[in-house]
Amino acid sequence: MRIGAGAGMADDRVAPGVQLLQGSDLDYLVCECLAERTIARETLNRKRSPELGYSPMLAERVRAFMPLCREKGVRLVSNMGAANPRGAAKAVRRHAAEAGVNDVRCAAVIGDEVTDLLRSHPELALLDAGERLESLLPRMASANAYLGADVVRDALATGAEAVITGRVADPSLFLGVAMYHHGWSYDDLPLLAAGTMTGHLLECSVQVTGGYFADPGRKDVPRLAELAYPFADVGADGSIEIGKPSGSGGRLDRLTCTEQALYEIHNPARYITPDCVLDVTDVSFEELGPDRVRVRGARALPRTDTLKVVVGYTDGWIGSGEVAYAGINAIERARLAAAVVQERFRMEGGKADEILVDLIGMTALHGDTGRPQDRPEPYEVRLRVAARCPDRRSADLIGDHVRQLNMQGPYAAGGPVNLGPREVIAVDAVLIPRSWVKPEIVLIDKDVS
Amino acid sequence: MTLVHDIAHARSGDKGNTSNVAVIAYDDAGYERIQRHLTSERVMAAYAHLAKGPVTRYEVPKLRALNFVIEKALAGGVTRSLRLDPHGKTLSAIVLAIELPDD
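Just so it is clear, the model here is predicted, and its values are computed rather than measured.

Along chain A, the regular secondary structure elements total twelve helices and 19 strands. Dimensions of chain A, computed from the C-alpha atoms along their principal axes, are close to 70 × 55 × 45 Å. Counting every position in chain A, which comprises 449 residues, the buried fraction comes to 52%.

Written out as structure tokens, the structure is:
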């Protein structure tokens, strides 16, 4: 059984997914398109237009993938449903039909949304803030539980060609396919480990095939521009081999697999998913040939009694602007400009809880250690001023003052820009008992509104 | 002195306000060196101006890897941070610039 990864983020490239479908004999294509805060943003979009609230690139992916899926008998699984899996499934049918693929049988997974439920449980503890959920309730925009592989398994069991979910844990999308295909149960811990490990390696698409990896001269990636998406051959016995299209760009080997195995993992012996607690400490990667790696040694403990719920909430506005200086005294001019911007912002009644001044080229990414020898002055620098503001006007004002620096600040200011105010959708999380969540599978196989 | 970059590669990831940096040695000798010298104290010192910490170190000898979990490292978290790199994708480059004593 072969699963391909067709996307690893909401705006991931489409062409490598087409390449996989065309030449790699897939049985399933899994597209992971949902970052932590995406659902909160899409929940707000859905409030504005009830038919929206799903992944913005859904139409493009469906038009590119569904003709090939139909032709080759590949079934699509994706969390592109975001805050509106039912609406997304209808959109899949519509866009597929426009691409010449009629009557796509879709299954939408709903029930991850638990906003109303959480409103009656203000006592829950926020994992990041350490406070009670109560403090966020007035500003809560969304609350979605990470569902597990069972919903994907059950949705595939309906015979659907396309399974569209909202919040499902990334690796569970892949494990669900394997549980369905091989008939695995929650009692088979080594198999759950294998399927979860497969999902963890594939969920970020190119991050296992040479993306997020190249360091020229130290660890090179051949033909980086032609990176390909990975696939996995998962046996009924839990054997795993990861591959990529033969002759494609990028690299797939022990090094790329090891980096991805530990990606976004805290305790490597206890990676908690809705399906199991994965232990990667005994995992090994064996290079079987170019573009082919065998994965062994994943272990798991049984799943926990709780599910993690991501809570999205509105948290004011962020505004920013940028401008550049070069040549003699460039850094001092940038610093003077930053002081002027902040003074004007206050003079005109701007409100900010926090202002950040970055010198891009010196301190923007790795900060300022306070030791001048750590951050030698570059020939040119781009000043960035960002502010967290309680209101939209203030967030716009900070950028305006940066934008106006070409005339209103130190001499020779290049390329000033106000990057515009953006409403902040922040996320935190709570744990809730599994039994509180009641997912459902809805078949969308007729064009009804 | 040896740079971590000479003997290992790294990848950083984010969860909430926590950054994890996996450091992977190219060979067994390299793993022995990072295992001995790349302590959580050294890592905390390199990130001290960016992160409140604490730093927890996990060893994965079979993968020749150390996984550093750096708490309160992302200026409030990906979704709230004012930083240019809210995910901390560039933070793995800091650990690679740490100098390790010879021996």
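Next comes the rest of the write-up.
Taken together, the contact between chain A and chain B spans 41 residues of the former and 29 residues of the latter. When contributions to the side of chain A that touches chain B are tallied by element, the ones reaching two or more residues are helix 9 (254-261), strand 14 (306-326), strand 15 (354-360), strand 16 (380-389) and strand 18 (422-433) of chain A. Residues of the side of chain A that touches chain B, tallied by class, amount to 18 nonpolar, nine polar and 14 charged.

Moving on, we get to the packing of helix 1 (residues 15-23) of chain A against helix 3 (residues 58-72) of chain A. Residues and elements named next belong to chain A. Running from N to C, helix 1 and helix 3 cross one another at 10°; their axes reach a closest spacing of 10 Å. One way to sum up the angle between helix 1 and helix 3 is to call them roughly parallel. Facing helix 1, whose interface residues are G17, V18, L21 and Q22, helix 3 presents A64, F65, L68, C69 and K72.

Moving on: the sheet that holds strand 5 (residues 65-70) of chain B. Residues and elements named next belong to chain B. Strands sit in the order 2-3-5-4 across an open sheet of four strands; the sheet is antiparallel. Pairing within the sheet leaves two strands with one partner each, and these edge strands are strand 2 (8-15) and strand 4 (55-60). Adjacent strand axes in the sheet meet at a mean angle of 20°, parallel and antiparallel pairs treated alike. Pairing geometry for strand 3 (residues 18-25) and strand 5, over six bridges, is antiparallel. Paired with V21 across the bridge in strand 5 is F68. Across the sheet, helix 3 (residues 40-47) lies against strand 4 and strand 5, angled at about 135° from strand 4, the strand it touches most.

Domain annotation for chain A reports domain 1 (2-112 + 147-304) and domain 2 (311-427). The centre of domain 1 of chain A, based on its C-alpha atoms, is set 38 Å off from the matching centre of domain 2 of chain A.

All names here are of chain B. Residues Y31, R33 and I34 constitute the buried set of helix 2 (residues 28-37). With its buried residues spanning 160° around the axis, helix 2 presents them on a single face. Exposed residues pointing more than 90 degrees away from the buried face of helix 2 are listed as D28, A29 and R36. Those residues of helix 2 hidden inside the fold are in contact with helix 1 (4-7), strand 2, strand 3, strand 5 and strand 6 (99-100).

A few words now on the sheet that holds strand 8 (residues 240-243) of chain A. Residues and elements named next belong to chain A. Strand order in the open sheet made by the ten strands is 11-12-8-7-1-2-3-6-4-19, with mixed pairing throughout. Across the chains shown, the open sheet's two edge strands, defined by having one partner strand only, are strand 11 (284-289) and strand 19 (440-444). Between one strand axis and the next, the sheet turns by 25° as a mean value, whatever way the strands run. Where strand 7 (residues 231-234) and strand 8 come together, four bridges link them in antiparallel fashion. Bridging across to strand 8, V234 finds its partner in I240.

Conventions we followed
Residues numbered from 1 in each chain as written. Chains lettered and ligands numbered in written order. Predicted model: local features only at pLDDT ≥ 70, side-chain atom pairs only at ≥ 80, totals over all residues. Helix = DSSP H or I, 4+ residues; strand = E, 2+ residues; numbered from the N terminus. Buried ≥ 20, exposed ≤ 12 C-beta atoms within 10 Å, placed from the backbone. Contact = placed C-beta atoms within 7 Å. Nonpolar A, V, L, I, M, F, W, Y, C, P; charged D, E, K, R; others polar. Axes fitted to C-alpha atoms, helices over the stretch in contact; angles between N-to-C directions. Parallel < 35°, antiparallel > 145°, perpendicular 65-115°, else oblique. Pairing = 2+ DSSP bridges. Domains from an automatic or database assignment. Arc of directions from axis to C-beta.

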